[in-house]
Amino acid sequence: MTDTFDMTDSPEEILPGVIFYSYLSEVQREKVFLWNHPTLILQVSGQFTLETSVQTIVINGGELLLIGKNQVGTMTKVPSPGAPYETIVISLQEDLLRTIALEEDLTSEAKYQGLPNRKIPMNDFLKGYFLSVVPYARQAGTETTDALGLLKVKEAILLLLQTLPELRDFLFDFSAPYKIDLEKFMLNHFRYNIPIDQFAQLTGRSLSAFKRDFRQVFGSAPRQWLQEKRLDTARYLIGTKHRKASEIYLELGFQSLSHFSYAFKQKFGHPPSGRVFP
């Protein structure tokens, strides 16, 4: 499956599909991202906020974040006053990690049990590493060969392990996701607008097994349940919390305000006007 994260509308790919450079000058909030691979983010300047169902993490210029695989969440990017937002993103894809594991005789010793997203303490070695990457990002027309780019990724991984040896289990666990509690997962993640097959992957199931288990747990098909759950939540937020439809439709997984308003009226018989509903 293709990664869905995209740092800007037109990101600069230092090494296509692996190392990205992001630059923007306005606040940008993304609807939803799915990380299939561990992802390393250096915040050059500005502020980056990651929100998942279990964590909210903020990093600022000079800070480093490692995002775990098989997660869904949202990101907010805010430039510094009078300065641009800049970040470097490295996707630690499984095929590359497997190659490095073989070359360096690195294996996972146990199932990783820590937090799925971790700030990495910056040190002189990591600073020096990213200083060597930044010129490729900032100099238009500079090309990075695949061999050099992959060498830079390998260097990043070895420096991470030198900084935090326990990341071996984080990075080199290649087992399939455990078949997790479907009810708990869906109640925590129903707001995210991702395809059903990706919900299945994140719960450690094939698509057919996901649909079968879903009907056993919730008594309906996934798409129907998601629509009902999102609309019921919207009704509560508008009627009780006095939120506006324009404020909540994206965070509840609807692609447009018009689609949300139509679905809301179809279910409840009136538009999402903001009045207190009976």
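Residues numbered from 1 in each chain as written. Predicted model: local features only at pLDDT ≥ 70, side-chain atom pairs only at ≥ 80, totals over all residues. Heavy atoms only, no water.

A. Local environment of the pattern of salt bridges. Under the definition given, this model contains 13 salt bridges. Close ionic contact of aspartate 232 with lysine 267 constitutes a salt bridge, the shortest N to O distance being 3.6 Å. One end of the pair, aspartate 232, is in helix 8 (residues 222-239); the other, lysine 267, is in helix 10 (residues 257-268), and 35 residues separate them in sequence. Look at aspartate 232 and you get partly exposed, because its relative accessible area is 39%. Here arginine 243 makes a salt bridge to glutamate 247, at a shortest N to O gap of 3.4 Å. Overall, arginine 243 belongs to the partly exposed group, its relative accessible area being 26%. When its relative accessible area of 43% is taken as the criterion, glutamate 247 is described as partly exposed. One network of salt bridges, with partners in common, ties together Arg191, Arg243, Glu247 and Glu251. (Salt bridge = Lys/Arg side-chain N within 4 Å of Asp/Glu carboxyl O. Helix = DSSP H or I, 4+ residues; strand = E, 2+ residues; numbered from the N terminus. Buried < 20%, exposed > 50% of the residue type's maximum accessible area, 1.4 Å probe, protein only.)

B. Geometry of the packing of aromatic side chains. The final tally for this structure, using the stated rule, is 13 aromatic pairs. Judged by centre distance (5.0 Å) and plane angle (80°), the ring pair of tyrosine 112 and phenylalanine 170 falls under edge-to-face. Taken together, the residues span a long stretch of sequence, with tyrosine 112 in the loop between helix 1 (94-104) and strand 11 (117-120) and phenylalanine 170 in helix 4 (residues 167-171) at a distance of 58 residues. Looking at phenylalanine 170, the relative accessible area reads 8%, which means it is buried. On the basis of an interplanar angle of 80° and a centroid distance of 4.9 Å, the ring pair of tyrosine 129 and phenylalanine 130 is categorised as edge-to-face. Three or more aromatic residues joined by ring pairs make a cluster, and in this case those are Phe190, Phe210, Phe214, Phe218 and Trp225. Its guanidinium or amino end placed over the ring of phenylalanine 190, lysine 229 lies 5.4 Å from that ring's centre, counting from NZ or CZ. (Phe/Tyr/Trp six-rings, centres within 6.5 Å; stacked < 30°, edge-to-face > 60°. Lys NZ or Arg CZ within 6 Å of the ring centre and 35° of its normal.)

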